[in-house]
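As a plain string of letters, each chain reads:
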Amino acid sequence: MIRDPGELADAAGLGVTAAAFLGSAGAREAARRFPLRVPRELVGRMRHGDASDPLLRQFAPTADEVRQAAGWTVDPLAEAEASPVPGVLHKYRGRVLLIVTGACPVHCRYCFRRHFPYGEHALSEEAQERAIDYVRADTSIREVILSGGDPLSLDDDALAALEAKLSDVPHLRRLRIHTRWPIAIPARVNAALLDWLGGSRLRPLIVVHANHPAEIDDGVVAALGSLRGRGLTVLNQSVLLRGVNDSADVLCALSESLDGAGVLPYYLHLLDPVEGAAHFAVGEVEARELVRSVAARLPGYLVPRLVREEAGSPAKTLLAAAAAIALE
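About the criteria used
Residues numbered from 1 in each chain as written. Predicted model: local features only at pLDDT ≥ 70, side-chain atom pairs only at ≥ 80, totals over all residues. Heavy atoms only, no water. Phe/Tyr/Trp six-rings, centres within 6.5 Å; stacked < 30°, edge-to-face > 60°. Helix = DSSP H or I, 4+ residues; strand = E, 2+ residues; numbered from the N terminus. Buried < 20%, exposed > 50% of the residue type's maximum accessible area, 1.4 Å probe, protein only. Core = buried A, V, L, I, M, F, W, Y, C linked by side-chain atoms within 4.5 Å. Contact = heavy atoms within 4.5 Å. Pairing = 2+ DSSP bridges. Salt bridge = Lys/Arg side-chain N within 4 Å of Asp/Glu carboxyl O.

Q: Teacher, can you tell me more about the packing of aromatic side chains here?
A: Given two aromatic rings, their pairing is described by the distance between the two centres and the angle made by the two planes. Inspection of every chain in the model, using the stated rule, returns two aromatic pairs. Between Tyr110 and Phe280, the aromatic rings sit 5.9 Å apart at their centres with planes inclined by 80°, giving edge-to-face as the arrangement. Taken as a pair, Tyr110 in the loop between strand 2 (95-99) and helix 6 (125-137) and Phe280 in the loop between strand 7 (264-269) and helix 12 (284-297) lie far apart in primary sequence, 170 residues in all. Classification of Tyr110 as buried rests on a relative accessible area of 4%.

Listed below in structure tokens is the structure:
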């Protein structure tokens, strides 16, 4: 695991460009505010020596992060207001999200929870019981989403124990897991994980997060195939990012790569306006045109729904989908 900007520069082969890209005072301050964390395995998929590589751009701290931008805040989705008990976010009817850990296999520089107070939401044994009691008391809840951080940062014994408690809640039907692990470190998809997922009373859904086709190599394809082999639904959600995937060619290639791994594109998110990430933003008009171009080239089931999440909204705001574009 790489945690030092200089080490990342060396591993990515940046050479003389490293000082300007990762060695500036602004970049060091960005890494202090939100620590660098990227697995060497993921660095191995980057274009060696290319400071503009789309994978490197997602994970490398830069001076852009410390520049203030109007309207970009530490809690862009007002999640503090949606937490009825510690560790629980209840924003949408019928489903709740559990913050099971603050740990991730990789720190994405655009992460909308980069400022999240994980210490206040830690799911200790007592807090976990309170969270499950909350779910048990609301019979309208059909789905629990495990999030964080990344829930697969917990070991399988802890996850299996949590799943067993949730399975005992009679009105629950689905267990959704949002995770970067199968993309960042695919070896995390092991026999123990597959066993407890495959044996759940609840219907498990895995939502992975890949933004660029270069993230999906043979190891990732194998890991995703193992999940599908146990009968799990596997979806992908992406974030539209300037300099990473803001072209129809890249988005089409990503959808084709996902399809090759048996994974359907699910959402393409407009960037949440979190402080430190404004330089990644792509405007709504441009985003709609990109999705229109993708829809003209791919079958509808490979066109992700373009969405924006807004604080206080009862659901994500759908901005564009293949069916809608075809009718315009």
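Q: In this structure, what is going on with the nonpolar core? I would like to understand it.
A: Nonpolar side chains in soluble globular proteins tend to be buried together. Residues Leu8, Val38, Val144, Leu146, Leu166 and Leu227 are the most contacted members of the largest nonpolar core, which totals 73 residues. Apart from the residues lying within four places of it in its own chain, the contact partners of Leu8 are Ile2, Leu22, Leu36, Val38, Val43, Leu56 and Ala60. Of all hydrophobic cores here, the second largest spans 16 residues; its members include Ala287, Val294, Leu298 and Leu302.

Q: I keep staring at the pairing of strand 1 (residues 88-92) and nothing clicks. Help me out?
A: Here is the key point about a regular strand: its side chains alternate between the two faces of the sheet. With three bridges connecting them, strand 1 and strand 2 associate as antiparallel partners. Within strand 2, the residue paired with Val88 across the bridge is Leu98.

Q: How should the pattern of salt bridges be read in this particular structure?
A: Working definition: two side chains of opposite charge can pair if their charged atoms are close together. With the rule as written, the count across this model stands at 26 salt bridges. Across the pair Lys165 and Glu129 runs a salt bridge whose closest N-O atoms are separated by 3.0 Å. Of this pair, Lys165 sits in helix 7 (residues 156-167) while Glu129 sits in helix 6, placing them 36 residues apart in sequence. A salt bridge links Arg292 to Glu289, with the shortest nitrogen-to-oxygen separation between them at 3.6 Å. Here Glu289 and Arg292 lie together in helix 12, a separation of three residues that amounts to about one turn. What makes Arg292 partly exposed here is its relative accessible area of 33%. On the basis of relative accessibility, which here comes to 42%, the residue Glu289 falls in the partly exposed class.

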